[in-house]
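Topology and contacts: notes
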Amino acid sequence: MRKKPEDFCNFAANFGTERLGSLVKSTAGRDCGRFFVVVGKIDEKYILIADGDLRPIEAPKKKKLKHIEDMNILSEELKERLLRREHIQNAELRKIKKLLVSESAQAADEPE
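Report on the accompanying structure. Not measured: the values here are computed from a predicted model. (Residues numbered from 1 in each chain as written. Predicted model: local features only at pLDDT ≥ 70, side-chain atom pairs only at ≥ 80, totals over all residues. Heavy atoms only, no water.)

Taken in spatial order, the five strands make up an open sheet running 4-3-2-1-5, and their pairing is antiparallel. Each end of this open sheet is capped by a strand with a single partner; those strands are strand 4 (61-64) and strand 5 (68-74). The average undirected angle you get between the axes of adjacent strands in this sheet is 45 degrees. Helix 3 (residues 90-109) rests against strand 1 (22-26), strand 2 (35-41), strand 3 (46-50) and strand 5 of the sheet, and its axis sits at about 120 degrees to strand 2. (Pairing = 2+ DSSP bridges. Helix = DSSP H or I, 4+ residues; strand = E, 2+ residues; numbered from the N terminus. Axes fitted to C-alpha atoms, helices over the stretch in contact; angles between N-to-C directions. Contact = heavy atoms within 4.5 Å.)

We now examine the pattern of salt bridges. Evaluated as defined, the whole model comprises eight salt bridges. Across the pair Asp31 and Lys63 runs a salt bridge, and its minimum N-O distance is 2.9 Å. Remark: Lys63 occurs in strand 4 and Asp31 occurs in the loop between strand 1 and strand 2; sequence separation between them is 32 residues. For Asp31, a relative accessible area of 3% corresponds to the buried category. Taking the shortest distance from any N to any O, the salt bridge between Arg34 and Asp53 comes out at 3.7 Å. Of this pair, Arg34 sits in the loop between strand 1 and strand 2 while Asp53 sits in the loop between strand 3 and strand 4, placing them 19 residues apart in sequence. By relative accessible area, which is 55% here, Asp53 ends up exposed. Salt bridges sharing partners connect three or more residues here, namely Arg81, Arg84, Glu86 and Glu92. (Salt bridge = Lys/Arg side-chain N within 4 Å of Asp/Glu carboxyl O. Buried < 20%, exposed > 50% of the residue type's maximum accessible area, 1.4 Å probe, protein only.)

Right under this line is the structure:
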């Protein structure tokens with residue numbers, strides 16, 4: 001049985017919040033190379049990630065921290081919405097992820 005979005009938002013808001021809304025890239029598993037957004041933290045080893053497509057917000061993937069690469073880009077809007085326990089639709093999550101990925105690509109293209 002899938003969790004209701006409200007239940008998940010309560011779960012995400014009650015655990016670690018420093019990484020909420022961060023763009024990450026999977027480095028292991030069948031989703032290797034895909035971008036996700038951090039939507040929750042379970043403990044020191046695991047986080048919850050979703051992309052609104054392969055992994056909807058209602059059924060986020062539990063992923064070990066050692067199997068992700070932090071892209072150092074954060075969506076403050078998404079973080080605040082998760083903390084306020086607002087309902088987030090998968091289409092909104094896909095849109096935010098797309099924006100973060102494009103920001104990441106631009107940052108990578110800039111000369112140092």
